[in-house]
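Results of the structural survey
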Amino acid sequence: MHLLTGVTGLSGSIVVREFARQAVPVRVLVRDPDAAPWLRELPNVQVVRGDMTVAESLTAAFDGIDRALMISSPRGDMVRTQCRFIDAAAAAGVRHIVKFSGKESGTTFDPQAFRGTRWHLEIENYLENSGLAWTHLRPSQFMQLYLPGTLTGVDAKRRALVMPIGQSRLAPVDIADIARVAVAMMGADGIEGRAFDMTGPEALTMSEITDRISAATGRAFGYEEVTLERKRALHTAEGLPPEVVDLLEEIYRGRYASPESQVNLSTHHEFGVEPTSFADFARRHAADFTAEAAA
Ligand SMILES: NC(=O)c1ccc[n+]([C@@H]2O[C@H](COP(=O)([O-])OP(=O)(O)OC[C@H]3O[C@@H](n4cnc5c(N)ncnc54)[C@H](OP(=O)(O)O)[C@@H]3O)[C@@H](O)[C@H]2O)c1
């Protein structure tokens, strides 16, 4: 039996649905199971209550677990949350943690300059020195971040992607692909001590992304390039806390400064997962891109 964390979140909810779709039994750790009643509807998913930062709450979750897929929020408490979880797993006799990590697809920037990447590297290092077997799954930016209603998604009312990253290219990956890789990886031998980077199949400018959304929806979406200052002001007006605005600005700066991105499909290929193109992703989510535009 494998344990998954973070399954009520953006990526984890897609990952756990893929385990259920493939009828692979899993146990999931959730802080508040009553807030996620849909989890109980999924076949072969055993829901256990617990908090990753509270070792005493994890006894039932770790019972009989050999391998855990560790996902938590990309917020300021990520390092503490995941390091506590690693300590508790080691004390409970879990053998192997697969860390859901992250890596930018840009080719020329310094990973240490991004706090999100820095946090992931710090946790990866902690896990590697924990005595547990380890694996790092490092997706690039999620395609789902372009959906309306996300922090960095399209403005559906204006049908615009408002970004301060110039003509830089990114290689976003569909979380559905990551989920398929995660299911295959959790059942695979020979993944210990390895890091698996994965991007989507194309490095795209923001205009190329909105072209694909336009083609999928039959409505005209466009890239509206703005300055960093303007984007900060927009995020602040959306009510985002200053630390989140700072974090996003850091990401935008890095992406602006690193105009090229590297496509890496080696993980897709190793686990037999067909890479989803942005055009396919946009077609699958055409209703999501247009629903709010109509509202
Ligand atoms: N955004 C991207 O493009 C991108 C790309 C690559 C990698 N990543 C990485 O992917 C990871 C997941 O991101 P996400 O956006 O899917 O996260 P998210 O939507 O914020 O979800 C986080 C999940 O972690 C759970 N969690 C947080 N603290 C917990 C705790 N103490 N105990 C138990 N559960 C806890 C949350 O549960 P509750 O429901 O209880 O809050 C939620 O299920 C992050 O590490 C991020 O850096 C992101």
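Treat the numbers as computed from the prediction; the structure is a model and nothing was measured.

Calculation criteria
Residues numbered from 1 in each chain as written. Predicted model: local features only at pLDDT ≥ 70, side-chain atom pairs only at ≥ 80, totals over all residues. Heavy atoms only, no water. Helix = DSSP H or I, 4+ residues; strand = E, 2+ residues; numbered from the N terminus. Rg over C-alpha atoms; globule rule 2.2 N^0.38 Å. Buried < 20%, exposed > 50% of the residue type's maximum accessible area, 1.4 Å probe, protein only. Contact = heavy atoms within 4.5 Å. Areas by Shrake-Rupley, 256 points an atom, 1.4 Å probe, with all protein chains shown as cover. Core = buried A, V, L, I, M, F, W, Y, C linked by side-chain atoms within 4.5 Å. Pairing = 2+ DSSP bridges. Axes fitted to C-alpha atoms, helices over the stretch in contact; angles between N-to-C directions. Near = heavy atom within 4 Å. Polar contact = N/O pair within 3.5 Å; in protein donor to acceptor, adjacent residues only side chain to side chain. Nonpolar A, V, L, I, M, F, W, Y, C, P; charged D, E, K, R; others polar. Expected span 1.5 Å × (residues − 1).

1. Regarding the overall build of the protein chain
Across its full length, the protein chain carries 11 helices and nine strands. Whereas a compact globule of 295 residues would reach a radius of gyration of roughly 19 Å, the protein chain reaches 19 Å, a difference of no more than 12%. Within the protein chain, buried positions represent 52% of all 295 residues. Partitioning the contacts of the protein chain with sequence separation of at least 6, the portion at a separation of at least 24 is 76%. Carbon and sulfur atoms make up 50% of the accessible area of the protein chain, which totals about 12,900 Å².

2. Some details on the nonpolar core
In a soluble, globular protein the nonpolar side chains are often hidden away together inside. Core analysis: the biggest nonpolar cluster contains 34 residues, and L4, V16, V28 and L137 have the highest contact counts within it. Elements supplying a minimum of two residues to this core: α1 (10–21), β2 (26–30), β5 (96–100), α5 (175–186) and β8 (194–198). At eight residues, the largest contribution of residues to this core is made by α5. Setting aside chain neighbours within four positions, we find V28 in contact with L3, L4, V7, V16, L39, V45, Q46, V47 and V48.

3. A few points about the sheet that holds strand β1 (residues 2–5)
Here seven strands make up an open sheet; going across it, the order is β3-β2-β1-β4-β5-β6-β8 and the pairing parallel. Pairing within the sheet leaves two strands with one partner each, and these edge strands are β3 (45–49) and β8. Within the sheet, the average angular offset between the axes of one strand and its neighbour, ignoring direction, is 20 degrees. Both strand β4 (residues 67–70) and β5 contribute to a ladder of four bridges, which runs parallel. Each residue of the ladder has a partner; that of R67, found in β5, is H96. Of the strands in this sheet, β1, β4, β5, β6 (133–139) and β8 are in contact with α5, which crosses β6 at around 165 degrees.

4. Topic: the pairing of β6
Among the seven residues that make up β6, seven are buried, leaving the element largely enclosed by the rest of the structure. Residues A133, T135, L137 and P139 of β6 are buried on one face, and the alternating residues W134, H136 and R138, pointing to the opposite face, are buried as well. Of the pairings in the sheet, the one linking β5 to β6 comprises five bridges and is parallel in character. Its bridge partner lying in β6, F100 is registered against L137. Relative to β8, β6 runs parallel, the two sharing five bridges. Considered in β8, the bridge of R138 is made with D197.

5. Focus: the site of the ligand
Close contacts around the ligand come from 25 residues, with T8, L10, S11, R31 and H120 the closest. In the model, a nitrogen atom of the ligand is placed 2.9 Å from a nitrogen or oxygen of the D51 side chain. Bound to the protein, the ligand loses 82% of the 940 Å² it would expose on its own. For the shell around the ligand, the elements supplying multiple residues, two or more each, are α1 and α3 (78–92). For the shell around the ligand, the residue count by class is 10 nonpolar, 13 polar and two charged.

6. Considerations on helix α8 (residues 242–257)
With 16 residues, α8 extends 22 Å from end C-alpha to end C-alpha; this agrees with the ideal 22 Å at 1.5 Å per step. Inspection of α8 places V245, L247, L248, E249, Y252, G254 and R255 among the buried residues, and these make up the whole buried set. Contacts made by the buried residues of α8 are with α4 (115–128), β7 (160–163) and α7 (228–237).

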